[in-house]
Amino acid sequence: MSVWVQKIKAGDKLVYKELFDEFYQALCLFASRFLRDDALAADVVQDVFVKFWEHHADFDNDLKIKSYLYTSVRNTCLNIIRDKREFIPEGETLYRLEKEAYFENAILERESLRMFYAAIDSLPVQSRRIIYLAIDGKTNREIALELGITEFTVHRLKKIAYKKLKVLLKDYYYFLLLLYFVLHQ
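Here the structure is a predicted model, which is why all the values come from computation and not from measurement.

A word on the pattern of salt bridges
Stage number 1. Counted according to the given criterion, the structure contains 3 salt bridges.
Stage number 2. Salt-bridge contacts for lysine 138 lead to glutamate 146; the nearest nitrogen and oxygen are separated by 3.0 Å.
Stage number 3. Take lysine 138: its relative accessible area is 31%, and that puts it in the partly exposed class.
Stage number 4. For arginine 141, the salt bridge goes to glutamate 151, with nearest N and O atoms at 3.4 Å. One end of the pair, arginine 141, is in helix H8 (residues 140–147); the other, glutamate 151, is in helix H9 (residues 151–168), and 10 residues separate them in sequence.
Stage number 5. Since its relative accessible area comes to 54%, arginine 141 is described here as exposed.
Stage number 6. Look at glutamate 151 and you get partly exposed, because its relative accessible area is 36%.

Laid out in structure tokens, this is it:
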């Protein structure tokens with residue numbers, strides 16, 4: 001039994017906050033993919049966390065917790081879509097949204113993004129800022145100007161950051177590669 005599960009079963013509200021902090025953003029993004037409404041997505045996720053806490057004694061491992069959270073968000077979103085058809089994205093059908101493949105792809109995408117950004121957030125502050133600016137599409141020159149450092153420093157810190165990210169994400173390499181191919185079919 002994991003430490004999270006032990007603490008949850010004991011009614012530890014700090015671990016509940018830890019779980020909330022760990023999954024809230026990813027679950028909101030996941031719900032937004034269905035609803036295309038960030039405020040409603042946030043409400044759905046908050047409601048799911050409340051229901052989770054009401055049933056916290058029913059979980060005996062971390063995978064069941066994650067599965068419950070994602071499945072509950074998905075089902076709540078689909079119920080909202082059924083009730084209010086305007087949330088169905090253009091070009092989609094309710095049937096397609098309900099298909100397991102759509103659900104699995106969305107989870108893979110959210111989880112990989114969560115792992116990727118967690119790895120970036122573990123970098124030193126300057127490297128983290130450089131990587132986020134690079135993700136935003138800025139060139140080394142633009143990053144250097146924005147941060148008040150030389151292009152050489154940007155290049156060097158980016159190279160070091162990429163090496164650290166490669167090490168941090170090495171266990172997830174095949175997962176991320178698979179995700180890339182699934183999402184770009």
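Observations concerning the nonpolar core
Stage number 1. Of all hydrophobic cores here, the largest spans 31 residues; its most connected members are Phe23, Leu27, Phe52, Ile65, Leu69 and Val73.
Stage number 2. Residue assignment for this core shows that the elements contributing at least two residues are helix H1 (3–9), helix H2 (13–35), helix H3 (38–54) and helix H4 (62–83).
Stage number 3. Top contributing element to this core by residue count: H2, with 11 residues.
Stage number 4. Residues within four places of phenylalanine 52 in sequence aside, it is in contact with Ile8, Tyr16, Leu19, Phe59, Ile65, Tyr68 and Leu69.

Things to note about the packing of helix H7 (residues 125–135) against H9
Stage number 1. In contact at an axis separation of 9 Å, H7 and H9 are set at 95° when each is read in the N-to-C sense. When the interaxial angle is binned, H7 and H9 end up roughly perpendicular. Contacts from Gln126, Ser127, Ile130, Ile131 and Ala134 in H7 reach Val154, Leu157, Lys158, Ala161, Tyr162 and Leu165 in H9.
Stage number 2. A breakdown of the residues in the contact of H7 with H9 according to their chemical character gives 8 nonpolar, 2 polar and 1 charged.

Side note on the packing of H2 against H3
Stage number 1. Relative orientation of the contacting elements H2 and H3 amounts to 140°, with a least axis distance of 8 Å. With respect to H3, the element H2 is oriented oblique. Regarding H2 and H3, the two cross each other, and that crossing is right-handed. Every residue of H3 that contacts H2 at Lys13, Tyr16, Leu19, Phe20, Phe23, Tyr24, Leu27, Cys28, Ala31, Ser32 and Leu35 is listed here: Asp38, Leu40, Ala41, Ala42, Val44, Val45, Gln46, Phe49, Val50, Phe52 and Trp53.

Thoughts on the confidence of the model for the protein
Stage number 1. The predicted model of the protein averages 78 in pLDDT, with 74% of residues at 70 or higher.
Stage number 2. No element of the protein has a lower mean pLDDT than helix H10 (residues 173–183), at 50, and none a higher one than H8, at 94.
Stage number 3. Counting interchain partners and residues more than four positions distant, the pLDDT-below-50 stretch residues 179–185 has 6 contacts.

Regarding the environment of isoleucine 131
Stage number 1. Among the secondary structure elements, isoleucine 131 is positioned in helix H7.
Stage number 2. Assessed through its relative accessible area of 3%, isoleucine 131 is described here as buried.
Stage number 3. Along the chain, isoleucine 131 and aspartate 121 lie 10 residues apart, while their C-alpha atoms are 9.8 Å from each other.
Stage number 4. Excluding its chain neighbours within four sequence positions, the residues that come into contact with isoleucine 131 are Ile120, Leu123, Lys158, Ala161, Tyr162 and Leu165.

Cut-offs and rules
Residues numbered from 1 in each chain as written. Predicted model: local features only at pLDDT ≥ 70, side-chain atom pairs only at ≥ 80, totals over all residues. Heavy atoms only, no water. Salt bridge = Lys/Arg side-chain N within 4 Å of Asp/Glu carboxyl O. Buried < 20%, exposed > 50% of the residue type's maximum accessible area, 1.4 Å probe, protein only. Helix = DSSP H or I, 4+ residues; strand = E, 2+ residues; numbered from the N terminus. Core = buried A, V, L, I, M, F, W, Y, C linked by side-chain atoms within 4.5 Å. Contact = heavy atoms within 4.5 Å. Axes fitted to C-alpha atoms, helices over the stretch in contact; angles between N-to-C directions. Parallel < 35°, antiparallel > 145°, perpendicular 65-115°, else oblique. Nonpolar A, V, L, I, M, F, W, Y, C, P; charged D, E, K, R; others polar. Left-handed = near helix turned anticlockwise from the far one by under 90°. pLDDT = per-residue confidence, 0-100.

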